[in-house]
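A structural walkthrough
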Amino acid sequence: MPIESLETVDAFIVFDLANAPEAVGIVRSARKILPSGAGDLARSMTYALATFEMRRSGASAGINALDEDRADAVAKFTSEISPMVASGRFLPEPGTRVPRAALASLAEADSRAAVGDVADQAVVAGVVAAAATAAGGLDGRTVAIEGFNGTGPALAAAVAEQGAKVVAVTSGPRGAIDRGGFPAGSLSTPGSIPNRDKTANEALAEPVDVLFAGSKMGAVNHTMAGQLSVGAVVPHAPIPVTARALAILGRAGTTVVPDFISTAGALFAWWPTGEFSPEAIAGDAAAKIAASLEEISAHPDGLFLAAAQRAETFLATWQDPLPFGRPLAP
């Protein structure tokens, strides 16, 4: 997994597959970004691309900067990677402390058909389709959202449209429960959780049919997994489930949807194959993600192993050797 350090700023890019014609992935910034975490994010994207038979690589970048220096560091980063973006060698997506606006100067050089709102809508459509497939439909289901971040309001609205009730939400260390379902409009903006009178752990202990997870990598660890009473865990962001948590949830009979499938909706906006409109792209993402899960739904080893093996089968058609390690949080 090659790591390339930048020259003008304390930053790096991890490329999962050295010989791929294009690479895409998240850019994050903090005082210290670890290459190991960036590698995990890159691997998740690689498996998403392979699941849908796209010969591209996952990648992920880290910008090491203090809060007061971040704007300058990000500006230097975007300036230096501009030739990479123009060639397709690295196509960046916003991540922690790097909003999409900070990448705006690269938009003209980016070859992808749609970034921004269209891709974000496709992600939500794919996450909801994954949940509906895993739960056998969402009508009448109860839902919890762990990590009510930027996509939280759209996710809450989308599941409500399909007849589900959002009964628990968390944001940071706090959470809230409404067993009758939060009223329409009460979850309309990120962080707008009403009556945050519970801890996050208390809110997540509420029994639900579907838990959407994705506040951070490894958010669902073995401790949390042992406290959950859920039918399905559906990631809405990369790698929220640890390896130990996957094993615990599997023994409990909980369906765990692979993050590299549920969050793959943006792929169909970046490289569309059909009609180019936000509605058509979102519908295409939903249909293909649902079909991908249905194809492996009866696999005796569970969804994650089945999905990983399928991705690896495609990778083997153009990668020798295969990348080592599957996309799970440590």
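Scroll up to find the structure.
What follows concerns the overall build of the protein. Broken down by element type, the protein carries eleven helices and twelve strands. Since a compact globule built from 330 residues should have a radius of gyration of about 20 Å, the 19 Å found for the protein is in line with a globular shape. Projected onto its principal axes, the C-alpha coordinates of the protein cover approximately 55 × 45 × 40 Å. In the protein, buried positions account for 55% of the 330 residues. Of the contacts made within the protein by residues no fewer than 6 positions apart, 64% connect residues no fewer than 24 positions apart.

The relative placement of two packed helices is expressed as an angle between their axes plus a distance between the axes. Relative orientation of the contacting elements helix 1 (residues 35-51) and helix 11 (residues 303-315) amounts to 75 degrees, with a least axis distance of 8 Å. What the angle tells us is that helix 1 and helix 11 run roughly perpendicular. Note on element contacts: helix 11 touches helix 1 through Ala-308, Arg-310, Ala-311, Glu-312, Phe-314 and Leu-315, opposite Thr-46, Tyr-47, Ala-50 and Thr-51. A class-by-class count of the residues in the contact of helix 1 with helix 11 yields six nonpolar, two polar and two charged.

Read across the sheet, seven strands follow the order 9-8-7-6-10-11-12 without closing on themselves; strand pairing throughout is mixed. Edge strands, defined here as strands with exactly one partner in the open sheet, are strand 9 (198-199) and strand 12 (255-256). As paired strands, strand 10 (residues 208-213) and strand 11 (residues 230-235) are joined by five bridges and run parallel to one another. The residue bridging Val-208 from the neighbouring strand is Val-230, located in strand 11.

Rules of the game
- Residues numbered from 1 in each chain as written.
- Predicted model: local features only at pLDDT ≥ 70, side-chain atom pairs only at ≥ 80, totals over all residues.
- Heavy atoms only, no water.
- Helix = DSSP H or I, 4+ residues; strand = E, 2+ residues; numbered from the N terminus.
- Rg over C-alpha atoms; globule rule 2.2 N^0.38 Å.
- Buried < 20%, exposed > 50% of the residue type's maximum accessible area, 1.4 Å probe, protein only.
- Contact = heavy atoms within 4.5 Å.
- Axes fitted to C-alpha atoms, helices over the stretch in contact; angles between N-to-C directions.
- Parallel < 35°, antiparallel > 145°, perpendicular 65-115°, else oblique.
- Nonpolar A, V, L, I, M, F, W, Y, C, P; charged D, E, K, R; others polar.
- Pairing = 2+ DSSP bridges.

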